[in-house]
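Structural features, examined
Listed below are the residues making up each chain.
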Amino acid sequence: MKRKHLLLILLCVVLVFAMAGITGCGGKNSGNTDDSDQGNQDEYQTYRVTLFFANEEYIATGDESLEKYRVSENEMTSTPGDAYLDVLELLKTSPEEGYETVLSENIKFNDAYLEGDTVFVDLDSNGLNGGSLQETFLIGQVVNTLTNTFTEVKQVQFLVDGETAETLMGHVGTAEPFTRDSFAE
């Protein structure tokens, strides 16, 4: 009887250690998977970006025979999670004479993130003011830059303070997403 009792206790101890080992291995594996996924998000990558700026001459003259946008090809280093927001920040500085940006320092991006094939660009409502030309070029610069730089981006939806807005500055409807063709080069 003692021998059966001792064997039963020994079996329970072995089972407890076996279960602890299995649980520990499972925790380690899922932890490593999470770490490696997070690590990929934090790794810097180099992106070839196509930035769209307003053509100063077009803005000054209104001459419809001129191209509305001037394109600047650059490289940018960013993490995949920050790439959309980082490329938008690059649009705030014109690269050279003849290029103009309507994205003044007053324009603040709260966030920019991808869902499916749509980048959601969330703007801070403070600083969103201007005429129809400024609003049109702001939308055009953002939409053309994102859809021409990132192959996964097919459309851009603007948000203001996290919510879909009818318009950004009162002139152009922004309730629906814009595609590359919406503001053609």
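Bear in mind the structure is a predicted one, so any value in this text is a computation, not a measurement. (Residues numbered from 1 in each chain as written. Predicted model: local features only at pLDDT ≥ 70, side-chain atom pairs only at ≥ 80, totals over all residues. Heavy atoms only, no water.)

What follows deals with the confidence of the model for the protein. The predicted coordinates should not be examined in detail at positions where pLDDT is low. Here the protein averages 82 in pLDDT, and 76% of its residues register 70 or above. Mean pLDDT in the protein bottoms out at helix 1 (residues 2-42), which sits at 44, and peaks at strand 5 (residues 118-123), which reaches 98. Low pLDDT, under 50, characterises residues 3-8; the stretch is placed with zero contacts to residues that sit more than four places away or in other chains. pLDDT under 50 marks residues 10-39. Its contacts with residues more than four places away, or in other chains, come to zero contacts. (pLDDT = per-residue confidence, 0-100. Helix = DSSP H or I, 4+ residues; strand = E, 2+ residues; numbered from the N terminus. Contact = heavy atoms within 4.5 Å.)

Next up on the list: helix 4 (residues 132-149). Here helix 4 contains 18 residues, and its C-alpha end-to-end distance of 25 Å stays within 8% of the 26 Å for a straight helix at 1.5 Å per residue. Extensive coverage of helix 4 is indicated by the burial of 13 of its 18 residues. (Expected span 1.5 Å × (residues − 1). Buried < 20%, exposed > 50% of the residue type's maximum accessible area, 1.4 Å probe, protein only.)

Considered for burial, the residues of helix 3 (residues 83-90) that qualify are A83, Y84, V87 and L88. For helix 3, the angular spread of buried residues about the axis comes to 135°, placing them on one side. Where helix 3 is buried, its residues meet strand 1 (45-55), strand 2 (69-78), strand 4 (109-115), strand 5 and helix 4. (Arc of directions from axis to C-beta.)

The antiparallel open sheet is built from three strands, whose spatial order is 2-1-3. Single-partner strands in this sheet number two, and they are strand 2 and strand 3 (99-100). Contacts from helix 4 reach strand 1, strand 2 and strand 3 within the one sheet, and its direction differs from that of strand 1 by about 150°. (Pairing = 2+ DSSP bridges. Axes fitted to C-alpha atoms, helices over the stretch in contact; angles between N-to-C directions.)

Here we take up the pairing of strand 6 (residues 155-160). Counted residue by residue, strand 6 has five buried out of six residues, so it is predominantly covered. Looking at chain direction, strand 5 and strand 6 are connected through six bridges and run parallel. Each bridged residue has a counterpart across the sheet, and for V119 the counterpart in strand 6 is V156. Between strand 5 and its parallel partner strand 6, the chain crosses via helix 4, and the hand of that crossover is right-handed. Note: strand 6 against strand 7 (residues 163-164), two bridges, orientation antiparallel. Following the sheet pairing, V160 is matched in strand 7 by E163. Hairpin geometry of strand 6 and strand 7 is characterised by an intervening segment of two residues between the two adjacent antiparallel strands and by a positive phi of about 50° at D161. (Right-handed = clockwise from strand over helix to strand, strands pointing away.)

Extensive coverage of strand 1 is indicated by the burial of eight of its 11 residues. As paired strands, strand 1 and strand 2 are joined by 10 bridges and run antiparallel to one another. Residue pairing for strand 2: Q45 is matched across the bridge by S78. Where strand 1 lies against strand 3, two bridges are found, and the strand directions are antiparallel. Bridge pairing in strand 3 links N55 to Y99.

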